[in-house]
Protein chains: 2
Amino acid sequence: MAVDVPGLVEQARQGRPRAVARLISLVEGASPQLREVMAALAPLTGNAYVVGLTGSPGVGKSTSTSALVSAYRKAGRRVGVLAVDPSSPFSGGALLGDRVRMSEHASDPGVYIRSMATRGHLGGLAWAAPQAIRVLDAAGCDVVLVETVGVGQSEVEIASQADTSVVLLAPGMGDGIQAAKAGILEIGDVYVVNKADRDGADATARELNHMLGLGEARKPGDWRPPIVKTVAARGEGVDEVVEALEKHRAWMEERGVLAERRRARAAREVETIAVTALRERIGDLHGDRRLDALAERIASGTLDPYAAADELVAGLTGK
Amino acid sequence: MAVDVPGLVEQARQGRPRAVARLISLVEGASPQLREVMAALAPLTGNAYVVGLTGSPGVGKSTSTSALVSAYRKAGRRVGVLAVDPSSPFSGGALLGDRVRMSEHASDPGVYIRSMATRGHLGGLAWAAPQAIRVLDAAGCDVVLVETVGVGQSEVEIASQADTSVVLLAPGMGDGIQAAKAGILEIGDVYVVNKADRDGADATARELNHMLGLGEARKPGDWRPPIVKTVAARGEGVDEVVEALEKHRAWMEERGVLAERRRARAAREVETIAVTALRERIGDLHGDRRLDALAERIASGTLDPYAAADELVAGLTGK
């Protein structure tokens, strides 16, 4: 059934949570109207500041996200939360698992919370998350917090979607080494040592300081990732995190880094969509028997597979 | 340095093992002369009968492969062996690990043995193995045995390269369940219960018979995968395996199934090469700044990523 896309977008702009949820479902599910939705959203995007939150399980990502939401709400900002779980097949507007800690914001009309599963998704994270971020952006969110559940490559991938990446650690988890393994030491713009009321918080911060080479000299103007200690469950240190985020944003804006990051992100996004589209077109060739004819010639030895691929690509591209 | 491809191909046809090894290295390494090599090989291919051997570690794959080589050599056939290890970064002509059991054939000029690592390979198995099979085919091998080390998806992938797939099991390893999990119960044309002198061989064969539904009625003319018991280390039952392979080949030829499988394989191969080529072209667009210009427009909200991808694809395809 065709959806009234302009109407839905207008409702989303007016802050109707159901319209926002509906739009995310449309882009997430690769609906036939996906292109119409994306075209309608484009002129409304580019305002939201996208913050990625990553870290090993147990460091308190959901609690930290929730605390950040509170801090931004106090400052009157509209906030979107995208909780991405690359291992889960469940998706939708419901609060899943420990996302229940965020339920204090569930009735706040200035907050959108969305869980997104990416397992089995066409193109995975790289494909689904940016579209959902665009919806939240267009819906008037000043800040979009993208929190990943789980660890590994997908976290690094999500970080590449953010304007600013926050890497969370907690004391006594051998986090430094874990973080190094997961490759997240390279992606943090701001580091947070959560659960700082526990033993070993200072040691974790020191270890991190050392691993990041923060003691070493930097070129003037280079960004030096701050390390902020928090007790997110009690809201301690959260204002300092917001402050660090604002500083990073200002630093990026001054130097054109923000615009550069967003261009790079858009380029990757376009590449992913284009490759997917071309792959589909090749798949369609099965239908008109062109691929079958080439395969026949290869099997009979009158054509090699590279020459056949050239013909196939030429047929698609006219080059 | 440019290689004398026609000369190398001629030497390979005359049975020079170094020429064969050199050609495989060229196709494996995506040399600039890859296309020239593939074009020169094409008219010489299509003669080799490609047999895939898969099974969990410990079932005796290398021993079985070696025993099959002996059996085919006795019948005067030239044999190529491609041992594919998806987890290994090492590749080349050397005998690796337990491939030493095949060393009895190392000095036989009628046998080519090649280890192939695919980890980190562009396109992985799907890309590298078919090209190496083509070299062995063109070099005059009557039979090419493709043995995979390791388990899982890659085995199923390799099986899709073969004319006939042999699935190996051994008693007392809970193989039935393992096989089911790995999805290899769907791919076997011939099943071998190796180490049949051990306890439980009959039980494994019965379990397999049950899981494959071999007791059930089939349409006349349908292929009923045989289950052969072997003790490969002593050469017992190996002639029966060869017999089963020949029967399957004859069955496929009678019904046009062999030609059909080879066409499907060629189609998949062409698709993989074409998608890789298109992906590279998109990557090249970074150079001429077309992608950057699109990214700029997306970042500024004047274009959405889907419309941008359409422009990109249109630029490539003229459609």
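Residue numbers restart at each chain and count upward from 1, following the sequence in its written direction. The naming scheme follows written order: chains are lettered A onward, ligands numbered 1 onward. Note on the predicted model: pLDDT of at least 70 is required for a residue's local features to be given, and 80 or more for side-chain atom pairs to be given and counted; whole-chain, interface and lining totals, by contrast, use all residues. Hydrogen atoms and water are omitted, and side-chain values are computed over all heavy atoms in the structure.

A. Structural context of the overall build of chain A. Going along the chain from the N terminus, every DSSP run of H or I of four or more residues is numbered as a helix, and every run of E of two or more is numbered as a strand. Within chain A, the regular secondary structure consists of twelve helices and seven strands. A buried classification covers 54% of the 319 residues belonging to chain A. The contact definition used throughout considers only heavy atoms, calling two residues in contact when any of these lie within 4.5 Å. Nonlocal contacts in chain A, meaning residues at least 24 apart in sequence, comprise 74% of its contacts between residues at least 6 apart. Residue burial is assigned from relative accessible area. The probe radius is 1.4 Å, only protein chains are included, and a residue is buried under 20% of its type maximum, exposed over 50%, and partly exposed in between.

B. Fine view of unusual backbone geometry. Positive phi is not limited to glycine here, since A:Lys195 has a value of about 55°. Inspection of the secondary structure assignment puts A:Lys195 in the loop between strand 6 (190-193) and helix 8 (201-211).

C. Geometry of the interface of chain B and chain A. Between chain B and chain A, the residue contacts involve 47 residues of the former and 47 residues of the latter. When chain B packs against chain A, the two sides together hide about 4,300 Å² of surface, and 68% of this comes from carbon and sulfur. Salt bridge, as used here, is a side-chain nitrogen of Lys or Arg placed within 4 Å of a carboxyl oxygen of Asp or Glu. At the boundary of chain B and chain A, one finds four salt bridges. Ionic pairing is found between B:Arg263 and A:Glu296, a salt bridge with its closest N-O pair at 2.9 Å. Two parts lose some accessible area (1.4 Å probe) when they are put together, and adding that loss for both gives the buried area.

D. Representation of the relation of the copies chain B and chain A within the structure. We superpose the copies by least squares over the C-alpha atoms of residues that have a pLDDT of at least 70 in both of them. Each copy of the sequence occupies a distinct position, and chain B is placed on chain A by a rotation of 180° and an axial shift of 0.0 Å, giving an RMSD of 0.0 Å. Seen this way, the second copy is the image of the first under a two-fold rotation axis. In this assembly the copies share their binding face: 100% of the residues contributing to the interface of chain B also contribute to that of chain A.

E. Examining the side chain of B:Asp304 more closely. Mapped onto the elements, B:Asp304 comes out in the loop between helix 11 (290-299) and helix 12 (305-317). When charges are tallied, Lys and Arg are placed among the positive residues and Asp and Glu among the negative ones, while His and the ends of the chain are skipped. Despite its burial, B:Asp304 pairs with no opposite charge, the nearest such side chain being A:Arg35 at 6.6 Å. Think of a polar contact as two N or O atoms within 3.5 Å of one another; within protein, one of them needs to be a possible hydrogen donor and the other a possible acceptor, and neighboring residues in sequence only count if both atoms come from side chains. A polar contact is formed between the side chain of B:Asp304 and the backbone nitrogen of B:Ala307, at a distance of 3.1 Å. In this structure, B:Asp304 is in contact with A:Arg35, A:Met38, A:Ala39, A:Ala42 and B:Ile298, ignoring residues within four places of it in sequence.

F. Focus on the nonpolar core. To form a nonpolar core, buried Ala, Val, Leu, Ile, Met, Phe, Trp, Tyr and Cys residues must be joined to one another through side-chain atoms within 4.5 Å. Among the nonpolar cores identified, the biggest contains 107 residues, and A:Leu23, A:Leu82, B:Leu23 and B:Leu82 are the most heavily contacted of them. Counting residues per element, this core draws most heavily on helix 10 (residues 257-288) of chain A, which supplies nine residues. Contact partners of B:Leu82, with chain neighbours within four places excluded, come to B:Arg114, B:Met116, B:Ala129, B:Ala132, B:Ile133, B:Leu136, B:Leu145, B:Val146 and B:Glu147.

G. Focus on the pattern of salt bridges. Residues and elements named next belong to chain A. Taken as a whole, this structure holds 27 salt bridges over all chains when the rule is applied. Across the pair Asp163 and Arg265 runs a salt bridge whose closest N-O atoms are separated by 2.9 Å. Separated by 102 residues along the polypeptide, Asp163 in the loop between helix 6 (153-159) and strand 5 (164-169) and Arg265 in helix 10 bring together distant segments of the chain. Here the two residues Asp163 and Arg265 agree in accessibility, since each one is buried.

H. Structural view of the packing of helix 4 (residues 61-74) of chain B against helix 9 (residues 238-255) of chain B. Residue and element names in this part refer to chain B. As a rule, the C-alpha atoms of each element are fitted with a line to give its axis, helices using only the stretch in contact, and angles between N-to-C directions run from 0 to 180 degrees. Relative orientation of the contacting elements helix 4 and helix 9 amounts to 75°, with a least axis distance of 9 Å. By the criterion of interaxial angle, the relationship of helix 4 to helix 9 is roughly perpendicular. Two secondary-structure elements touch here, helix 4 through Ala67, Leu68, Ala71 and Tyr72 and helix 9 through Val238, Asp239, Val241, Val242, Leu245 and Glu246. Any residue outside Ala, Val, Leu, Ile, Met, Phe, Trp, Tyr, Cys, Pro, Asp, Glu, Lys and Arg is labelled polar, Gly included; the first ten of those are nonpolar and the last four are charged. Of the residues in the contact of helix 4 with helix 9, the class split is eight nonpolar, no polar and two charged. Angle categories are assigned with fixed cut-offs, so that under 35 degrees is roughly parallel, over 145 is roughly antiparallel, 65 to 115 is roughly perpendicular, and the rest are oblique.

I. Structural view of the environment of A:Gly140. Residue and element names in this part refer to chain A. Inspection of the secondary structure assignment puts Gly140 in the loop between helix 5 (124-138) and strand 4 (143-148). Residue Gly140 is classed as partly exposed on the basis of its relative accessible area, which comes to 29%. Along the sequence, Gly140 and Gly80 sit 60 residues apart, while their C-alpha atoms lie 9.0 Å from each other.

J. Just the confidence of the model for chain A, in detail. All names here are of chain A. With 80% of its residues at a pLDDT of 70 or more, chain A shows a mean pLDDT of 81. The lowest-confidence element of chain A is helix 7 (residues 175-182), averaging 56 in pLDDT; the highest-confidence one is helix 9 (residues 238-255), averaging 97. The score called pLDDT rates the predictor's confidence residue by residue, from a low of 0 to a high of 100. Every residue in residues 89-101 scores below 50 in pLDDT, and together they form 27 contacts with partners more than four places removed in sequence or on other chains. A low-confidence stretch, residues 120-124 stays under pLDDT 50, and its non-local contacts, those more than four residues away or across chains, total seven contacts.

K. Structural detail: the pairing of strand 6 of chain A. All names here are of chain A. Of the two faces of strand 6, both are covered, the one formed by Val190 and Val192 as well as the one formed by Tyr191 and Val193. Two strands make a pair as long as DSSP finds a minimum of two bridges between them. In this sheet, strand 6 lies alongside strand 5 in parallel orientation, the contact comprising four bridges. By the bridge assignment, Leu169 is partnered in strand 6 with Val193.

L. Region of interest: the packing of aromatic side chains. Residue and element names in this part refer to chain A. Classification of ring pairs uses Phe, Tyr and Trp, with its six-membered ring standing for Trp, and accepts pairs whose centres are within 6.5 Å; under 30 degrees between planes counts as stacked, over 60 as edge-to-face, and the remaining range as tilted. Evaluation of the coordinates by the stated rule reveals two aromatic pairs over all chains. Relative to Trp251, the ring of Trp223 has its centre 5.7 Å away and its plane inclined at 50°; by these criteria the two rings are tilted. Of this pair, Trp223 sits in the loop between helix 8 and strand 7 (227-229) while Trp251 is found in helix 9, placing the two residues 28 residues apart along the sequence. For the pair shown, Trp223 and Trp251 are each scored as buried.

M. Local environment of the side chain of B:Ser62. Residue and element names in this part refer to chain B. Within the element layout of this structure, Ser62 appears in helix 4. For Ser62, a relative accessible area of 3% gives the class buried. One polar contact links Ser62 to Glu147, side chain to side chain, over a distance of 3.1 Å.

N. Looking closely at the environment of A:Arg16. Residues and elements named next belong to chain A. Structurally, the position occupied by Arg16 is in the loop between helix 1 (5-13) and helix 2 (17-28). For Arg16, a relative accessible area of 42% translates into the label partly exposed. Once the C-alpha coordinates of Arg16 and Gly110 are considered, the two residues, 94 residues apart in sequence, prove to be 9.9 Å apart.

O. View of the packing of helix 1 (residues 5-13) of chain B against helix 3 (residues 34-41) of chain B. All names here are of chain B. Relative orientation of the contacting elements helix 1 and helix 3 amounts to 45°, with a least axis distance of 10 Å. Classified by the interaxial angle, the pair formed by helix 1 and helix 3 is oblique. Helix 1 and helix 3 meet at a crossing whose hand is right-handed. Residues Val5, Pro6 and Val9 of helix 1 pack against Glu36, Val37, Ala40 and Leu41 of helix 3. Class assignment for the residues of the contact of helix 1 with helix 3 results in six nonpolar, no polar and one charged. Note: crossing handedness is left-handed where the near helix turns anticlockwise from the far helix by less than a right angle, and right-handed where it turns clockwise.

P. Representation of the pairing of strand 5 (residues 164-169) of chain B within the structure. Residues and elements named next belong to chain B. Extensive coverage of strand 5 is indicated by the burial of six of its six residues. Residues Thr164, Val166 and Leu168 of strand 5 are buried on one face, and the alternating residues Ser165, Val167 and Leu169, pointing to the opposite face, are buried as well. As paired strands, strand 1 (residues 49-54) and strand 5 are joined by four bridges and run parallel to one another. If you follow Val51 over to strand 5, its bridge partner there is Thr164.

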